[in-house]
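The lines below spell out each chain.
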Amino acid sequence: MEKFSFKNQLENLVRNPENHRYLLAVSGGADSMVLASLFQGLGLVYQIAYVNYKLRGEDSDLDQKTVQDFCEKNHIPFHLYEVSEKDKKPDNSIQLWARELRYRFFREIQNQEELEFLVTAHHLNDQLETFIINLSKASGIDGLSGIPAASNHTLRPLLIFSKKEIYDYAEENGIDFREDLSNKKSDYLRNKIRNEIVPRLLETNDHFLENFKRSSVYLNQTKNFVQKQIEEIENSISTFNLKEKIISKEKLNSESDFVKFEILKKYGFKKEEEIKKIFSAQSGSTFFSNDYVLIINRNELILSGKSDKKDREEEIILIEDPDLSESQMEINLENKIENIEGINNSFEWDLDAEKLQFPLRLRKQQDGDEFYPTGFSGKKKVSKFFRDEKLSILARQKIWILCDGNNSVLGIIPLRQDRRYTKDGKTKSILKIFNEKKNEI
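Residues numbered from 1 in each chain as written. Predicted model: local features only at pLDDT ≥ 70, side-chain atom pairs only at ≥ 80, totals over all residues. Heavy atoms only, no water.

Student: Hey, could you run me through the sheet that holds strand β4 (residues 117-119) in this one?
Tutor: Strand-to-strand pairing in sheets goes through backbone hydrogen bonds, with the strands running parallel or antiparallel. Pairing within the open sheet is mixed, and its six strands lie in the order β3-β2-β1-β4-β6-β5. Bordering the open sheet on either side are β3 (78-82) and β5 (150-151), each of which pairs with just one other strand. Contacts from helix α4 (residues 94-113) reach β1 (21-25), β2 (45-52), β3, β4 and β6 (154-155) within the one sheet, and its direction differs from that of β2 by about 150°. (Pairing = 2+ DSSP bridges. Helix = DSSP H or I, 4+ residues; strand = E, 2+ residues; numbered from the N terminus. Contact = heavy atoms within 4.5 Å. Axes fitted to C-alpha atoms, helices over the stretch in contact; angles between N-to-C directions.)

In structure tokens:
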């Protein structure tokens, strides 16, 4: 391992490395202390973050001192997080807890100090361990491709170098570091693989790690090729509107299980059983991931972000305190509501203003909504009205309900008015609500 080879690798990950600012995650071990030394030698602008988990007593404090001493010697800003009782250390899954804690801390420092990239010291041996772990989980090509060298503003420039190369570099350049003796214990899956499985694999072939590195490159190239093909398939069976992506359910269902999984996992639907349910579910069924809502609409899969769903639930205040002495008032909705495909969006309603409770507002359908539609003798649930009109799920999402200050339904825009509030021969003050948008059937 040489400084120039590290520099070349860094330049492969980010253009003009000297023009950026970095946060280095440093633990005091050989890999992260070598990383810090290389950044110092290249004259890059960086800061260092260290997390003291307080799990190994005095050893944890000595690790911290090693990192702090390096920062003080080289005048590098040092950020420390010391774990305390408020962090609620779990009895199990400590590795996952520790990972989430440190990355949350790193991102906070990045934002606070305006540091563009987080840099970690993952190396080739880490990559091999990750490959074996993911192989045991049947995680597919993404998992077998291992740790990405760059992702989400995180750089891993040591990923092509073996642990031995890093140790040799530390010894040749007199770099101080600390050994974490807990890594020698095989009480975690990664440690068991590191201590028991990887050494035996390395014994089988003098060039095992180098061959594994080449295989990783091939796997990543394969993954990139497959992703391009998946994107082309998805684009060919999808349409878009302002807020939703609409995928043909029939066309996607005709693809292989692999293609279905690769497309839907981007939206957070990653479980095999859940994907099967999506294709067998009835129209109107809804599925939720962390960030997306998927609605089955006949032969369509309608995908929208959860924030978009929230936007659709917002209210629009139309008029709060009108002057009822006026004989006629008008509200034009042309710039307040979007057109709905397949529906005549133009309408004109005359309401008796004295029968209304203000303010008037637009909102989306709510459970239990009912009204007395013009042209009918009785009352009707809004949900049944939608079904009778054979409205698609997508159309229902875009339809606004006109209601008054008591939350009574005055009409379903742009389809049907409530007859109780229409003008009649006794009306003295008319409120005209209309939309001049053209018919889009």
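After that view, the rundown keeps rolling.
Student: Help me understand the packing of helix α2 (residues 30-41) against helix α3 (residues 58-74), please; the structure alone is not making it clear to me.
Tutor: Angle between the axes and distance between the axes: these two values describe a pair of packed helices. α3 packs onto α2 with a crossing angle of 5° between their chain directions and a minimal axis gap of 11 Å. Judged by the inter-axis angle, α2 sits roughly parallel to α3. Between α2 and α3, the contacting residues are Met33, Ala36, Ser37 and Gln40 on the first element and Thr66, Val67, Phe70 and Asn74 on the second. Looking at the contact of α2 with α3 residue by residue, the classes come out as four nonpolar, four polar and no charged. (Parallel < 35°, antiparallel > 145°, perpendicular 65-115°, else oblique. Nonpolar A, V, L, I, M, F, W, Y, C, P; charged D, E, K, R; others polar.)

Student: Would you take a moment to explain the environment of Glu113 for this structure?
Tutor: Of note, Glu113 is situated in helix α4. Remark: the alpha-carbon pair of Glu113 and Tyr22, spanning 91 residues in sequence, is separated by 9.6 Å. When sequence neighbours within four positions are dropped, the list of residues in contact with Glu113 reads Arg21, Gln47 and His79.

Student: Just to check I follow, could you spell out the UniProt feature "domain: Lysidine-tRNA(Ile) synthetase C-terminal" (unreviewed entry) in the protein for this structure?
Tutor: In the numbering used here, UniProt assigns the feature "domain: Lysidine-tRNA(Ile) synthetase C-terminal" (unreviewed entry) to residues 360-433. Its end C-alpha atoms 11 Å apart, residues 360-433 is made of 18% helix and 31% strand. (UniProt positions renumbered as here; feature names shortened; annotations may be inferred.)

Student: What's the story with the sheet that holds strand β21 (residues 430-435) in this structure? I'm lost.
Tutor: The mixed open sheet is built from three strands, whose spatial order is β13-β21-β14. One side of each edge strand has no neighbouring strand; the edge strands of this open sheet are β13 (328-332) and β14 (347-352). The sheet shows a mean angle of 20° between the axes of neighbouring strands, direction not considered. Examined bridge by bridge, β14 and β21 share six bridges and lie antiparallel to one another. In the strand pairing of β21, Leu351 is matched with Leu431.

Student: Can you help me understand the packing of aromatic side chains in this one?
Tutor: The geometry of two aromatic rings is summed up by the distance between their centres and the angle between their planes. Summed over all chains, the structure comprises 14 aromatic pairs. Aromatic side chains Tyr267 and Tyr292 sit 5.0 Å apart centroid to centroid with 90° between the ring planes, which places their arrangement in the edge-to-face category. Separated by 25 residues along the polypeptide, Tyr267 in the loop between α11 (257-264) and α12 (272-280) and Tyr292 in strand β10 (residues 292-297) bring together distant segments of the chain. Assessed through its relative accessible area of 26%, Tyr292 is described here as partly exposed. Connected via pairs of aromatic rings, a cluster forms that spans Phe6, Tyr22, Phe39, Tyr46 and Phe117. Lys364 extends its terminal NZ or CZ atom over the ring of Trp400, reaching a point 3.9 Å from the ring centre. (Phe/Tyr/Trp six-rings, centres within 6.5 Å; stacked < 30°, edge-to-face > 60°. Buried < 20%, exposed > 50% of the residue type's maximum accessible area, 1.4 Å probe, protein only. Lys NZ or Arg CZ within 6 Å of the ring centre and 35° of its normal.)

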